[in-house]
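The residues making up each chain are set out below.
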Amino acid sequence: MRSELGPSERSGAAGGACRAPGEAVARRRGAAMYGLARALRRAAAAGRAGRPPARRRGGGGAGARPWGWGLALGLALGVKAPTAAGCEADGGQEAEGKENPLPPPRGFGAAVERSRDLLRRIKDEAGIPGILVGVSVDGKEVWSEGLGYADVENRVVCKPETIMRIASISKCLTMMAVAKLWEEGKLDLDAPVQKYVPEFPEKVYEGEKVAITTRLLVSHLSGIRHYEKDITKVKEEKEKANRAFKLTKPYQDKEQKEKEGKGIEKTDSVKPRKEHEGEVKSRNSKPGRRDKEFEQEEYYLKEKFESVIESLKIFKNDPLFFKPGSQFLYSTYGFTLLSAVVERVSGQKFTDYMLKMFRDLDMLSTVLDDNEAMIYNRARCYVYNKKGRLVNAPYVDNSYKWAGGGFLSSVGDLLKFGNALLYSYQAGQFKNTNGKLLPGYLKPDTVAMMWTPVPKTEVSWDRDGKYAMAWAVVEKKQQYGCCRQQRHYASHTGGAVGASSVLLILPEELDSEAIDTGLVAPPRGVVVSIICNMQSVSLNSTALKIAREFDKEKWAQYID
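Keep in mind that this is a model prediction, so the values were computed, not measured.

Cut-offs used in this document
Residues numbered from 1 in each chain as written. Predicted model: local features only at pLDDT ≥ 70, side-chain atom pairs only at ≥ 80, totals over all residues. Heavy atoms only, no water. 1 Å grid on protein atoms, 1.4 Å probe; cavity = no way out; pocket = protein on both sides within 12 Å on 5 of 7 lines; lining within 4 Å. Points joined across faces, edges and corners; volume = space filled by probe spheres on them. Nonpolar A, V, L, I, M, F, W, Y, C, P; charged D, E, K, R; others polar. Phe/Tyr/Trp six-rings, centres within 6.5 Å; stacked < 30°, edge-to-face > 60°. Helix = DSSP H or I, 4+ residues; strand = E, 2+ residues; numbered from the N terminus. Buried < 20%, exposed > 50% of the residue type's maximum accessible area, 1.4 Å probe, protein only. Pairing = 2+ DSSP bridges. Core = buried A, V, L, I, M, F, W, Y, C linked by side-chain atoms within 4.5 Å. Contact = heavy atoms within 4.5 Å. Arc of directions from axis to C-beta. pLDDT = per-residue confidence, 0-100. Axes fitted to C-alpha atoms, helices over the stretch in contact; angles between N-to-C directions. Parallel < 35°, antiparallel > 145°, perpendicular 65-115°, else oblique. Left-handed = near helix turned anticlockwise from the far one by under 90°.

1. Notes on empty space enclosed by the protein
Going through the model one piece at a time under the given rule, you end up with 2 cavities of 30 Å³ or more. What the second largest cavity holds in volume is close to 40 Å³. Lining the second largest cavity are Phe200, Lys203, Gly223, Ile224, Arg225, Phe315, Asp318, Pro319 and Leu320. A breakdown of the residues in the lining of the second largest cavity according to their chemical character gives 5 nonpolar, 1 polar and 3 charged.

The structure is reproduced here in structure tokens:
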């Protein structure tokens, strides 16, 4: 287990559902004065003790005089914080008198303890064999830990380096490749996919010739089916879900008002009583069989496909479920087609191109979910059988869906990926003094495009959000004064045979004054990744709660 522990453990966190009008100002002042306050506290403590504060190595000799308040102030303003690795170019010493970035927060011990307790409850109540968590704050990994077993039979415990199936978070990785090719001018998002993959037949819907584009694929608007082949069943499920949401909405609003009246923050908006039950699926409710999706035969394919083009045969001749662009239908097969597009546009095998991208992103533990390969630190996958007993997950070969659910990774690698995106997203807002700020892997406008909600989409794991381009996005929103504030964040969950996952990015609400002074540098925000070796475990709201814990403690430290 790795964590950043501060000198003092804080039992509470700053802020709440009702924030004072001057909180933004307090945050700015607290951040700007953090170094000053620390130096002044040291000087005051030294004065009370009748001795000077400890000098830096190489400081004055035995006869040096105690520091004065002016010197303490000067030292406070001269403190420089380490930047995230790889974010700043090598260069000479900064100009004398130039303001330097703030020091990092001192520790997150209290947030770690509260988050660990939450994860233990989720793990125990859901009967999860092993679960991994990683958290980074402002580009720095502050906590990574494994709880339980990666291999129950051989009693191999989980650790931060453990590798598990990340399931549909693979879609986010594939989207990064798509965005890079688009930036390079090699891929037209609005061209019919047949331009790149002529093996995929042209489609007709209700007698009309229609076009499927890359843009529609990444937002699940293509009309291509998911694992269910029966269009009637799909339509029935969508109608049932819509009715359930409409019935739940009045109760949800009533409960929200009651909680707001009591000062209780509500984090999830659709299933006020069932959300926790979904996250901590009990042994008696047959985890791994809760979602009808896992009842589909194609989820358990054992055939090994030698290429992404070959895997198109599973669905390429099936009719579309609706006219492209008219409705949302989550489709992993749409990303299988997307992988063929990436392969043709890049001129490389899809898997080779992705592995090269992982190296560029320093994600050295992210690999293909290949059953034959020797992959160190790989965890086993588990499900519960009909009798409620833990058993090994059935054998599957995910070569038919590399792009949509076929990668393995660690929580550390997912944090690197999230921070690369967050850095790219925010880099354009900061001053690039003396050319020291390196460009992001993607351009800021590209990530902004990826994180812009797309009309007609929906998100099953977060009703506050809309689907964007391979990401679910919740936009900043507040309807009433002194009531619930909805923060802007992006996330994606994953569900595979014997695995569940989530990656959530909570960007900091950047202040123009802090940016202009050069006191802060990207990435700014909290990234949370959670993976477990049990299927059908909902983890999104857990990740959001953990992100908020660390965000609150970060600002509590700055204004303490």
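2. Focus on the packing of aromatic side chains
All told, the structure shown has 15 aromatic pairs when counted by the stated rule. Their ring planes at 45 degrees and their centres at 4.6 Å tell us that Tyr227 and Tyr299 sit as a pair that is tilted. Placement of Tyr227 in the loop between α6 (214–218) and α7 (231–261) and of Tyr299 in the loop between α8 (275–279) and α9 (308–311) is noted, with a sequence separation of 72 residues between them. Relative accessible area serves as the criterion here: at 3%, Tyr227 is assigned to the buried category. Residue Tyr299 is classed as buried on the basis of its relative accessible area, which comes to 2%. The interplanar angle of 55 degrees and the centroid separation of 6.3 Å between the aromatic rings of Tyr333 and Tyr400 together place this pair among those described as tilted. Highlighted residues: Tyr333 in helix α10 (residues 332–346) and Tyr400 in the loop between β10 (390–392) and α12 (402–405), separated in sequence by 67 residues. In this structure, Tyr333 and Tyr400 share a single accessibility class: buried.

3. Focus: the pairing of strand β14 (residues 489–496)
Along a regular strand, successive side chains alternate from one face of the sheet to the other. Burial within β14 is extensive, with 7 of its 8 residues counted as buried. Bridge count for strand β13 (residues 472–474) against β14 is 3 bridges, and the pairing is antiparallel. Residue pairing for β14: Ala472 is matched across the bridge by Ser491. Here 7 bridges tie β14 to strand β15 (residues 499–507), and the two strands are oriented antiparallel to one another. Within β15, the residue paired with Ala496 across the bridge is Ala499. Here β14 hands over to β15 after 2 residues, with Gly498 in that stretch at a positive phi of 75 degrees.

4. Concerning the environment of Lys416
Inspection of the secondary structure assignment puts Lys416 in helix α13 (residues 411–426). You can call Lys416 partly exposed: its relative accessible area is 36%. Counting along the chain gives 280 residues from Lys416 to Ser136, while the straight-line C-alpha distance between them is 8.9 Å.

5. Here we look at the nonpolar core
Ranked by internal contacts, the top residues of the largest apolar core, which has 100 residues, are Ile224, Phe417, Leu421, Met450, Trp451 and Trp471. Ranked by the residues each element gives to this core, the list is headed by helix α5 (residues 169–183), at 9 residues. Sequence-distant contacts of Met450, defined by excluding residues within four places in its chain, comprise Met175, Ala179, Leu421, Leu442, Ala468, Met469 and Trp471.

6. Some remarks on helix α11 (residues 350–360)
Residues Phe350, Thr351, Tyr353, Met354, Met357 and Phe358 constitute the buried set of α11. Buried residues of α11, seen end-on, are gathered within an arc of 160 degrees and therefore sit on one face of the element. After α11 finishes, the residue Asp362 shows a positive phi value of roughly 65 degrees.

7. Topic: the confidence of the model for the protein chain
Averaged over the protein chain, the pLDDT score is 80; the fraction of residues at 70 or greater is 71%. In this model residues 4–26 is a low-confidence stretch, pLDDT under 50, and it forms 36 contacts with partners more than four residues away in sequence or in other chains. Considering only residues more than four positions removed or in separate chains, one finds that residues 28–85, a stretch of pLDDT under 50, has 58 contacts.

8. Thoughts on the environment of Pro523
Among the structural elements, Pro523 can be located in the loop between α15 (512–517) and β16 (525–532). According to the relative accessible area criterion, Pro523 is buried, its value standing at 2%. As a C-alpha pair, Pro523 and Gln426 span 97 residues in sequence and 6.6 Å in three-dimensional space.

9. Let's talk about the pairing of strand β3 (residues 140–151)
Bridge count between strand β2 (residues 130–137) and β3: 8 bridges; the pairing is antiparallel. Its bridge partner being in β3, Gly134 is matched across the sheet by Ser144. In sequence, β2 turns back onto β3 through a hairpin of 2 residues, with Asp138 there showing a positive phi of about 55 degrees. As defined by bridge partners, β3 adjoins strand β4 (residues 156–157) across 2 bridges and the pair is classed as antiparallel. What sits directly across from Asp151, in β4, is Val156. The hairpin formed by β3 and β4 contains 4 residues between the paired strands, and Arg155 there has a positive phi angle of roughly 55 degrees.

10. Details of the packing of α5 against α13
Interaxial distance between α5 and α13 falls to 12 Å at its minimum, and their mutual angle equals 45 degrees. One element, α5, and the other, α13, form an angle in the oblique class. You can see that α5 and α13 cross each other, and the crossing is left-handed. Counted together, Ile169, Cys172, Leu173 and Met176 of α5 and Leu414, Phe417 and Leu421 of α13 form the full contact between these two elements. Partitioning the contact of α5 with α13 into residue classes produces 7 nonpolar, no polar and no charged.

11. A closer look at unusual backbone geometry
At the junction of Pro522 and Pro523, the peptide bond is cis and its omega measures out at 0 degrees in the coordinates. Backbone geometry at Ala167 places phi at a positive 55 degrees, although glycine is not the residue there. Along the polypeptide, Ala167 turns up in the loop between β5 (164–165) and α5. A positive phi angle, close to 50 degrees, is found at Glu206, a residue other than glycine. Topologically, Glu206 is positioned in the loop between β6 (203–205) and β7 (208–210).

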